[in-house]
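What the coordinates show
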Amino acid sequence: MSAGTFTPGPGAAPVSRMIFAQTALETRMLLRNGEQLLLTVIIPALLLVLFSAVDIVDTGADRSVDFLAPGVLALAVLSTAFTGQAIATGFDRRYGVLKRLGASPLPRRALLAAKTLSVLVTEVLQVALLSVIALGLGWSPQGNPLSVAALLLLGTAAFSGLGLLMAGTLKAEVTLAAANLVFLLLLVGGGVIVPMEKFPEAVRSALELLPITALSDGLREVLQRGGGMPWGDAAVLAVWSALGLGAAARFFRWE
């Protein structure tokens, strides 16, 4: 036995290992939260089943599920990357969790990276579950999966930046109310369930600039119509991503 066998080796773990451990923790906390599961999984799934089975919304000559499935996938991204993350991060900030983590060896940039990866892991599970449900309802997706993945990533970046901006600047209670209100407003007016053609022209031109509208319309262009990458919608999402993430990095308060 060598003299150095039991010599202590103090020091922080590699950043990659810390990010992986924090990502696993964030994901477990999210999946154990009943309210978050209701928001991120149950509500989108119920909307998909209900509006596909019952002829409530006129989707024209298209089958309801073919119209609804892309919109519900966009809603899943909104619920996780924006609403869920804003509420969870806002209360972490209020209770001092972020402040304590900021004093740990985990760098702040690594904490944000872990939260982002946790969102992506949750979204993969959401997309898989909702796709299985939609396929069971007769959904026939088309288009290039890479275009779908690119749109989902751009949407995640846009909503994540906006969610972190809200959580890092407002009180937790205000964030809770505002995030849920925005979720409901975008559900109704973002082209998720109701076709944009149903809105007046003046209102529609403004709604089409919203990230939820760009994401749902872009996904429909690919999955429903079999089109190529919708660069206009992708550009809208890229602009929102830059604005949201840039503002969050500039104004986020850790305590």
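Scope of this entry: the structure provided in the associated data block. Since the structure is predicted, the reported quantities are computational estimates derived from the model, not experimental observations. (Residues numbered from 1 in each chain as written. Predicted model: local features only at pLDDT ≥ 70, side-chain atom pairs only at ≥ 80, totals over all residues. Heavy atoms only, no water.)

1. With respect to the pattern of salt bridges
Pairing is possible between side chains that carry opposite charge, provided their charged atoms lie close to one another. Under the counting rule described, the total for this entry stands at 7 salt bridges. Notably, a salt bridge pairs Lys115 with Glu26, separated by 3.3 Å at the nearest N-O pair. Pair noted here: Lys115 is in helix α5 (residues 108–136) and Glu26 is in helix α1 (residues 15–32), with a separation of 89 residues, a long-range link. Each member of the pair, Lys115 together with Glu26, is buried. Among the salt bridges present, the one from Asp217 reaches Arg220, with a minimum N-O distance of 3.7 Å. Highlighted residues: Asp217 and Arg220, both in helix α9 (residues 211–223), separated by 3 residues, approximately one helical turn. Classification of Asp217 by relative accessible area gives partly exposed; the value is 23%. Here the salt bridges do not stand alone but share partners, grouping Glu26, Asp92 and Lys115 into one network. (Salt bridge = Lys/Arg side-chain N within 4 Å of Asp/Glu carboxyl O. Helix = DSSP H or I, 4+ residues; strand = E, 2+ residues; numbered from the N terminus. Buried < 20%, exposed > 50% of the residue type's maximum accessible area, 1.4 Å probe, protein only.)

2. Thoughts on the layout of surface pockets
Empty space within the largest pocket amounts to approximately 520 Å³. What lines the largest pocket is a set of 23 residues, and nearest its centre among them are Asn33, Gln36, Gly84, Ile87 and Ala88. Ranked by residues supplied to the lining of the largest pocket, first place goes to helix α3 (residues 64–94) with 8 residues. Among the residues forming the lining of the largest pocket, the class breakdown is 11 nonpolar, 8 polar and 4 charged. (1 Å grid on protein atoms, 1.4 Å probe; cavity = no way out; pocket = protein on both sides within 12 Å on 5 of 7 lines; lining within 4 Å. Points joined across faces, edges and corners; volume = space filled by probe spheres on them. Nonpolar A, V, L, I, M, F, W, Y, C, P; charged D, E, K, R; others polar.)

3. Structural notes on the nonpolar core
Within the largest apolar cluster, 46 residues are counted, with the highest numbers of intra-cluster contacts made by Leu78, Leu151, Phe159, Leu215 and Leu219. Elements with a contribution of two residues or more to this core: α2 (34–53), α3, α5, α6 (145–169), α7 (172–189), α9 and α10 (231–251). In terms of residue count, the dominant contributor to this core is α3 (15 residues). Filtering out sequence-adjacent residues up to four positions away, Leu215 remains in contact with Ala74, Val77, Leu151, Leu152, Gly155, Phe159 and Leu237. In terms of nonpolar packing, the next biggest core, distinct from the first, is built from 11 residues, Met18, Leu98, Ala110 and Ala114 among them. (Core = buried A, V, L, I, M, F, W, Y, C linked by side-chain atoms within 4.5 Å. Contact = heavy atoms within 4.5 Å.)

4. A short note on the environment of Ala110
Here Ala110 shows up in helix α5. The class of Ala110 is buried, set by a relative accessible area of 2%. Each C-alpha atom, one on Ala110 and one on Phe82, is 19 Å from the other, the two residues being 28 residues apart in sequence. Each residue touching Ala110, except ones within four places of it in the same chain, is listed here: Val15 and Ile19.

5. Let's talk about the packing of aromatic side chains
All chains considered together, the criterion is met by 2 aromatic pairs. With a centroid separation of 6.0 Å and an interplanar angle of 35 degrees, the aromatic rings of Phe91 and Tyr95 are classed as tilted. Arg220 extends its terminal NZ or CZ atom over the ring of Phe67, reaching a point 3.7 Å from the ring centre. (Phe/Tyr/Trp six-rings, centres within 6.5 Å; stacked < 30°, edge-to-face > 60°. Lys NZ or Arg CZ within 6 Å of the ring centre and 35° of its normal.)

6. Regarding the side chain of Asp66
Tracing the backbone shows Asp66 in helix α3. Here Asp66 falls in the buried class, since its relative accessible area comes to 13%. A distance of 3.1 Å separates a polar atom in the side chain of Asp66 from a polar atom in the side chain of Arg63. Excluding its chain neighbours within four sequence positions, the residues that come into contact with Asp66 are Gly138, Trp139, Ser140 and Gln224. (Polar contact = N/O pair within 3.5 Å; in protein donor to acceptor, adjacent residues only side chain to side chain.)

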